[in-house]
Amino acid sequence: MSVSIRLSRGGAKKRPYYKIVVANSRAPRDGAYLEQVGTYNPVLAKDDENRVRIVEDRVRYWLGVGAQPTDRVARMLDKAGIKERTATVNPNKAEPGKKAKDRAEDRATKLREAEEAAAEAAAAAAAPAEAPAEEAAAEESTEA
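Undergrad: When you look at the pattern of salt bridges in this model, what are you seeing that I'm missing?
TA: Should the charged atoms of two oppositely charged side chains come close, the side chains can pair. Using the criterion set out here, one finds five salt bridges in the structure. Here Asp30 makes a salt bridge to Arg29, at a shortest N to O gap of 2.8 Å. With a closest N to O distance of 2.8 Å, Arg58 and Glu35 form a salt bridge. Of this pair, Arg58 sits in helix H1 (residues 56-64) while Glu35 is found in strand E3 (residues 35-40), placing the two residues 23 residues apart along the sequence.

Below, the structure written as structure tokens:
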């Protein structure tokens, strides 16, 4: 039987409260468990001492017989100093997906084209205004 140390949800709607339990890994999340080894109340402030409560000697026992903590519980155990957890590094986590990159590239291209068209329109609008002045100057020089 594969045993895991995980969270079992309780509490009311939008007011979660979790038990840290040792359970068969195939049992449902809130189903039967072998032993409750702590509690986690995410509603409390992060610096509150009652936010995470762990029965350390029982957790150490279950880890000793091969129980595997879930990622969230492993973080709690690492913070409590019971089991060290290696930090995971995923440099691509915040990077947008391929379609989002394509959309951003299309948006940048359209913006660049719009700016170029606006610059050309401004240049074209300024050019005809200068042309009559140049023609008038040319006419004055020919008349003299």
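Undergrad: Any chance you could explain the layout of surface pockets here in plain terms?
TA: One number sums up the size of the largest pocket: a volume of about 400 Å³. Taken together, Tyr40, Lys46, Arg51, Val52, Arg53, Ile54, Arg72, Arg75, Met76, Lys79 and Ala80 make up the full set of residues lining the largest pocket. Only strand E4 (52-54) and helix H2 (71-80) provide two or more residues apiece to the lining of the largest pocket. If you tally residues by element for the lining of the largest pocket, the top one is H2, at five residues.

Undergrad: Help me understand the pairing of strand E1 (residues 3-12) in this model?
TA: By the bridge criterion, 10 bridges tie E1 to strand E2 (residues 15-24) in an arrangement that is antiparallel. Within E2, the residue paired with Ser4 across the bridge is Ala23. Bridge count for E1 against strand E5 (residues 68-69) is two bridges, and the pairing is parallel. Bridged to Ile5 within E5 is Pro69.

Undergrad: Help me understand the nonpolar core, please; the structure alone is not making it clear to me.
TA: Counting 15 residues, the largest nonpolar core has Ile5, Leu7, Ile20, Val37 and Trp62 as its most contacted members. Broken down by secondary-structure element, the contributors of at least two residues to this core are E1, E2, E3, H1 and H2. Trp62 has contacts with Val3, Ile5, Val22, Leu34, Glu35, Val37 and Ala67, leaving out every residue within four places of it along the chain.

Undergrad: Quick question: what am I supposed to make of the sheet that holds E1 here?
TA: Within a sheet, each strand pairs with its neighbour through backbone hydrogen bonds, oriented either parallel or antiparallel. Overall, mixed pairing links the five strands, which are arranged E4-E3-E2-E1-E5 in an open sheet. Of all the strands in the sheet, just E4 and E5 have a single pairing partner and so form its edges. Examined bridge by bridge, E2 and E3 share five bridges and lie antiparallel to one another. In the strand pairing of E3, Tyr18 is matched with Tyr40. Along the sheet, H1 makes contact with E1, E2, E3, E4 and E5, crossing E3 at roughly 125°. Relative to the sheet, H2 contacts E1, E2, E3, E4 and E5, its axis offset from that of E1 by approximately 100°.

Undergrad: Is there a simple way to think about the packing of aromatic side chains in this case?
TA: For any pair of aromatic rings, the description rests on two quantities: the centre-to-centre distance and the angle between the ring planes. With the rule as written, the count across this model stands at two aromatic pairs. Relative to Tyr40, the ring of Tyr18 lies with its centre 5.8 Å away and its plane at 25°, an arrangement referred to as stacked. With Tyr18 in strand E2 and Tyr40 in strand E3, this pair connects stretches of sequence that are 22 residues apart. For Tyr40, a relative accessible area of 13% translates into the label buried. Between Tyr61 and Trp62, the aromatic rings sit 5.3 Å apart at their centres with planes inclined by 75°, giving edge-to-face as the arrangement. Using a relative accessible area of 13% as the deciding quantity, one classes Trp62 as buried.

Reading guide: rules and limits
Residues numbered from 1 in each chain as written. Predicted model: local features only at pLDDT ≥ 70, side-chain atom pairs only at ≥ 80, totals over all residues. Heavy atoms only, no water. Salt bridge = Lys/Arg side-chain N within 4 Å of Asp/Glu carboxyl O. Helix = DSSP H or I, 4+ residues; strand = E, 2+ residues; numbered from the N terminus. 1 Å grid on protein atoms, 1.4 Å probe; cavity = no way out; pocket = protein on both sides within 12 Å on 5 of 7 lines; lining within 4 Å. Points joined across faces, edges and corners; volume = space filled by probe spheres on them. Pairing = 2+ DSSP bridges. Core = buried A, V, L, I, M, F, W, Y, C linked by side-chain atoms within 4.5 Å. Buried < 20%, exposed > 50% of the residue type's maximum accessible area, 1.4 Å probe, protein only. Contact = heavy atoms within 4.5 Å. Axes fitted to C-alpha atoms, helices over the stretch in contact; angles between N-to-C directions. Phe/Tyr/Trp six-rings, centres within 6.5 Å; stacked < 30°, edge-to-face > 60°.

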